[in-house]
Amino acid sequence: MIRLAMKKYDRNAPCWCGSGRKYKQCHMQFDDKITLAKMRGHEVPKHEMLKNAKDVEGIRASAHINMAVLDEVAGKIHIGMSTEEIDRIVYDVTTAMGGIPAPLNYEGFPKSVCTSLNEEVCHGIPSPDIILKDGDIINVDVSTIYNGYFSDSSRMFLLGNVAEETKRLVQVAKECVEIGVANTKPWTFLGDMGHAVHEHALKNGYSVVRQIGGHGCGFQFHEDPWVSYVSQPGSGMLMVPGMVFTIEPMVNMGGDEIYEDEDNHWTIYTKDGKPSAQWEVEVLVTEDGCEILCS
Ligand code: MF3
Ligand code: CO
């Protein structure tokens, strides 16, 4: 095979990935495939964004806390509770396990978790004045820093008697993530995955938010690549083993238009006031597909 990879790597030197193996026996062919995709005009990942085995273990430990926090919320959430109480649970469980809630003070975000109800699309701010009521749907979006590694996932919760059409929205939003996971494979494109997600939402009569998407995660809260779920096949970054990112489409019952809260500059709402649902997982691209690290 013709050597396409940049000559800056010596074939017999230790691989850049830190495996300790020789480059030619480790990531040399991998780099050639990336270079080829780049020559064909595709967006490709930088080495710095890829996670090695040690990094993945670090993210797993962080995700262990993140998922325990969400499990605790799942067990305690109830009608009559304030979103401030959810914030308290998230802060207490995270810190008791040695973690740091990533949202707290992130770009000025005032709380430890995002709690987004009904027509709130994302970035809802917990408050003692927001009380969960019968028929509400809520997204609880938890992110944890542990030992320098970041994890991020969110789940939906249904309170009491939720309208059938709203339950269906929550269900389809979950299926959209499952379809995203099924379409996350190395040497295909983020746009292939995003397109499959969008198709599923459209087929069910819903829309997907365009301006806000997923993101690389692990070394930072939000890293490259940005991940759209309204995308064309063959577009977006090439997925390769070692990439870690979130799959978190925001699925709207009505139109895809949104607006930001003019007072807090965080909370995003649907323009038409119809409900929005979102589930989020953090995945690792593997040799033959992907693995969910955090859910
Ligand atoms: N957890 C959100 C995400 O999935 C980001 C929230 S940013 C915050 O990307 F500051 F609002 F927490
Ligand atoms: Co996220």
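Around the cobalt ion (ligand 2), the donor atoms from the protein are Asp152 (OD), His215 (NE2), Glu248 (OE) and Glu280 (OE), and they sit 2.1 to 2.2 Å away. Geometry at the cobalt ion (ligand 2) is irregular, judged from its six donor atoms and the angles of 53 to 158° they form at the metal. In the primary structure, the donors to the cobalt ion (ligand 2) are separated according to the pattern D-x62-H-x32-E-x31-E. You can see aspartate 152 sitting in strand S5 (residues 149–158) and its partner glutamate 248 sitting in the loop between strand S9 (244–247) and strand S10 (250–252), a full 96 residues away along the chain. Each member of the pair aspartate 152 and glutamate 248 is classed as buried.

Next up on the list: the pairing of S5. Counting buried residues in S5 gives nine out of ten residues, a clear majority hidden from the surface. As paired elements, strand S4 (residues 137–146) and S5 share ten bridges and run antiparallel to each other. Among the inter-strand pairings, valine 140 is bridged to a residue of S5, identified as arginine 155.

Further remarks concern the pattern of salt bridges. By the definition in use, this model includes ten salt bridges. Linking arginine 155 and aspartate 71 is a salt bridge whose minimum nitrogen-to-oxygen distance equals 2.9 Å. A residue pair is termed long-range when its members are at least 10 positions apart, and arginine 155 in strand S5 and aspartate 71 in helix H2 (residues 53–76) qualify at 84 residues. Since its relative accessible area comes to 16%, arginine 155 is described here as buried. Accessibility expressed as a relative area gives 46% for aspartate 71, which makes it partly exposed. Among the salt bridges present, the one from lysine 111 reaches glutamate 84, with a minimum N-O distance of 2.9 Å. On the criterion of sequence distance, the pair formed by lysine 111 in the loop between strand S1 (100–101) and strand S2 (114–117) and glutamate 84 in helix H3 (residues 83–96) is long-range, its members being 27 residues apart. Its relative accessible area of 25% is what places glutamate 84 among the partly exposed residues.

Moving on, we come to the pairing of S2. Judged by which residues are buried, S2 turns out to be covered on both faces: Cys114 and Ser116 on one side and Thr115 and Leu117 on the other are all buried. By the bridge criterion, four bridges tie S2 to S4 in an arrangement that is antiparallel. Counted as the bridge partner of threonine 115 is valine 140 from S4.

Thresholds applied
Residues numbered from 1 in each chain as written. Chains lettered and ligands numbered in written order. Predicted model: local features only at pLDDT ≥ 70, side-chain atom pairs only at ≥ 80, totals over all residues. Heavy atoms only, no water. Donors = N, O, S within 2.8 Å, 3.2 Å for Na, K, Ca; no water. Tetrahedral: all angles 85-135°; square planar, octahedral: opposite > 155°, others 65-115°. Helix = DSSP H or I, 4+ residues; strand = E, 2+ residues; numbered from the N terminus. Buried < 20%, exposed > 50% of the residue type's maximum accessible area, 1.4 Å probe, protein only. Pairing = 2+ DSSP bridges. Salt bridge = Lys/Arg side-chain N within 4 Å of Asp/Glu carboxyl O.

Read these as layout, nothing more, since geometry by itself doesn't imply function.
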